[in-house]
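Analysis of the macromolecular model
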Amino acid sequence: MSVKGKTAVITGSNSGIGLGIAEELARAGVNVILNSFTDSDEDHALAARIADETGVQARYIKADMSKPDECRALIAQAGACDILVNNAGIQHVAPIDEFPQDKWDAIIAINMNSAFHTTAAALPLMRKAGWGRIVNIASAHGLRASPFKAAYVTAKHGVVGMTKTVGLETAKEPITCNAVCPGYVLTPLVEAQIPDTARQYGISEDAAIEQVILAKQPSKDFVTVEQLAGTVLYLCSDAAAQVTGTTISVDGGWSAQ
Ligand code: NAD
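The structure reproduced in this document is the subject of the present report.

Reading the values: rules and limits
Residues numbered from 1 in each chain as written. Predicted model: local features only at pLDDT ≥ 70, side-chain atom pairs only at ≥ 80, totals over all residues. Heavy atoms only, no water. Buried < 20%, exposed > 50% of the residue type's maximum accessible area, 1.4 Å probe, protein only. Helix = DSSP H or I, 4+ residues; strand = E, 2+ residues; numbered from the N terminus. Pairing = 2+ DSSP bridges. Right-handed = clockwise from strand over helix to strand, strands pointing away. Phe/Tyr/Trp six-rings, centres within 6.5 Å; stacked < 30°, edge-to-face > 60°. Lys NZ or Arg CZ within 6 Å of the ring centre and 35° of its normal.

**Side note on the pairing of strand β5 (residues 132-137)**
With six of six residues buried, β5 is to be regarded as a mostly interior element. Taking every second residue as pointing to the same face, both faces of β5 are buried, with Gly132, Ile134 and Asn136 on one and Arg133, Val135 and Ile137 on the other. Pairing of strand β4 (residues 83-86) with β5, which is carried by four bridges, proceeds in the parallel orientation. The residue bridging Val85 from the neighbouring strand is Val135, located in β5. In this fold, β4 hands off to helix α4 (residues 101-129), which returns the chain to β5; that crossover is right-handed. As defined by bridge partners, β5 adjoins strand β6 (residues 175-182) across six bridges and the pair is classed as parallel. Bridging across to β6, Arg133 finds its partner in Thr176. In this region the chain leaves β5, passes through helix α5 (residues 150-169) and returns to the parallel neighbour β6; the handedness of that crossover is right-handed.

Below, the structure written as structure tokens:
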């Protein structure tokens, strides 16, 4: 792995998959910048813990990924961005004719538009450094649809399209852009959608997990944060220098069906 000493910005990294990616990159010697919109003592303590445990530089920068100027300010404040992981994301479960517009707008802004703004801001820094890796955390829902998730499915399909385009635009440079498409991982984002999923399908929460969520994954098991973080580290490595503009599914077989 050639990532030692690089600097990574991971959006939405005080929880779940983003935090796991930050920890994995830090263990590989990458200086990491954590982000969320909260700016709590716990957020700064997470960065301090990662620095203590791994010996890399780790800091936390507050930026609300629903706001274009804050997306761009995050990269400007980072100063360097060799690795950009666009991970911040939210979910809302409702039929499209009942979908609240504020939820639609927030999902499109945070899950899709933020990746446009951070990528546009980070590319000049990558070009100056002569090396760059952009990893977009899309979803199996960037390749497949499910009922009641119109905004999320739309945003994640958009991220997959953006990934292909940026991969082409940077193909002649030592910069790659790829998307990881996870299946279900038991993070706060998924835990929060279980009651709504149960209500939409008229079944219990246990049944929602077995009959709706895990039913999509032939493995019949949740993907783990560690499995995703390892995939991101691979995409940042020299071994993946010619892997660009593509998607890697880590979904227990979901997209193979
Ligand atoms: P999570 O809720 O644990 O993490 C979401 C992160 O996004 C948090 O760090 C949160 O602070 C951050 N965030 C939310 N709104 C933000 C905002 N306005 N500005 C900045 N940060 C913000 O959920 P997760 O499952 O770890 O999700 C991470 C990513 O993985 C998301 O893009 C999600 O769509 C994607 N994903 C998750 C799953 C899954 O099953 N958990 C599957 C496929 C894709």
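After that view of the structure, there is still more to cover.
**Describing the packing of aromatic side chains**
Inspection of every chain in the model, using the stated rule, returns three aromatic pairs. Measuring from ring centre to ring centre gives 5.5 Å for Phe148 and Tyr201, while their planes differ by 85°; the resulting arrangement is edge-to-face. You can see Phe148 sitting in the loop between β5 and α5 and its partner Tyr201 sitting in helix α6 (residues 188-201), a full 53 residues away along the chain. For Tyr201, a relative accessible area of 34% gives the class partly exposed. An angle of 15° between the planes, with centres 5.3 Å apart, marks the rings of Tyr184 and Trp254 as stacked. In this pair, Tyr184 sits in the loop between β6 and α6 while Trp254 sits in the segment after β7 (247-250), placing the two residues 70 residues apart along the sequence. Above the face of the Trp131 ring, Lys6 is positioned so that its terminal group lies 4.3 Å from the ring centre. Over the ring of Phe116 we find Arg72, and its NZ or CZ is 5.4 Å from the ring centre.

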